[in-house]
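The lines below spell out each chain.
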Amino acid sequence: MAEPGLAASMPPLPPARQVLYDPDPATCKPASLQSNFQKQLLPWADQPAAVQARLRQLQLEMLQATLQRCVRKGLLTAEQVNSLEQALGLPSEQPAQPSGARP
């Protein structure tokens, strides 16, 4: 058991982790989104194809969520989103089933 004095000297717990990040104007720039999308999986290039495929699916889902938030905040237009999706070779509509869902 810990001594009562020891608990008093411990630093406070860090604040709870924020789940959703609110995009800022720099995040929502099409050139920035495109560049970051193309670079994000480079650290895992040595992983097996199945791992890369799963990471790519998660990356697509995160990008789609970011694009939706950027549009809601008025930082991107629907036309910019369509142009970015075409430039990245992405489907216009993502599957309705999220990555964590199971059939």
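Further up the page is the structure itself.
Everything in this summary refers to the structure shown in the same document. (Residues numbered from 1 in each chain as written. Predicted model: local features only at pLDDT ≥ 70, side-chain atom pairs only at ≥ 80, totals over all residues. Heavy atoms only, no water.)

When its secondary structure is counted, the chain shows four helices and zero strands. In sequence order, the secondary structure elements of the chain are arranged as α-α-α-α. By the burial criterion, 17% of the 103 residues in the chain qualify as buried. Expressed as a percentage of contacts within the chain between residues at least 6 apart in sequence, the contacts between residues at least 24 apart total 60%. When the accessible area of the chain is evaluated, it comes to approximately 8,000 Å², of which 60% is carbon and sulfur surface. (Helix = DSSP H or I, 4+ residues; strand = E, 2+ residues; numbered from the N terminus. Buried < 20%, exposed > 50% of the residue type's maximum accessible area, 1.4 Å probe, protein only. Contact = heavy atoms within 4.5 Å. Areas by Shrake-Rupley, 256 points an atom, 1.4 Å probe, with all protein chains shown as cover.)

Where helix α3 (residues 49-72) meets helix α4 (residues 78-88), the axes come as close as 11 Å, and the angle between the chain directions of the two elements is 160°. The angle between α3 and α4 falls in the class roughly antiparallel. As α3 packs across α4, the resulting crossing turns out to be right-handed. Of the residues in α4, those touching α3 at L63, Q64, L67 and V71 are V81, L84, E85 and L88. The residue inventory of the contact of α3 with α4, partitioned by class, reads six nonpolar, one polar and one charged. (Axes fitted to C-alpha atoms, helices over the stretch in contact; angles between N-to-C directions. Parallel < 35°, antiparallel > 145°, perpendicular 65-115°, else oblique. Left-handed = near helix turned anticlockwise from the far one by under 90°. Nonpolar A, V, L, I, M, F, W, Y, C, P; charged D, E, K, R; others polar.)

Under the definition given, this model contains one disulfide. Residue C28 pairs covalently with C70 via a disulfide, S to S 1.9 Å. Every disulfide takes its handedness from the sign of the S-S torsion; for C28 and C70 that torsion is -80°, giving left-handed. With a gap of 42 residues between them, C28 in the loop between α1 (4-9) and α2 (30-39) and C70 in helix α3 connect regions that are remote in the sequence. Across this residue pair, the class does not change: C28 and C70 are buried. (Disulfide = S-S within 2.5 Å.)

Counting residues in each nonpolar core, the largest one holds 12 residues, listed as C28, L33, F37, L60, L63, L67, C70, L76, V81, L84, L88 and L90. When contributions to this core are tallied by element, the ones reaching two or more residues are α2, α3 and α4. Leave out the neighbours within four places in its chain, and L63 touches L33, F37, L88 and L90. (Core = buried A, V, L, I, M, F, W, Y, C linked by side-chain atoms within 4.5 Å.)

Turning next to the environment of V81. For V81, the location among the structural elements is in helix α4. V81 sits in the buried class, given a relative accessible area of 10%. Put simply, V81 and P30 are 51 residues apart on the chain and 8.0 Å apart in space, counted from C-alpha to C-alpha. Excluding its chain neighbours within four sequence positions, the residues that come into contact with V81 are L67, V71 and L76.

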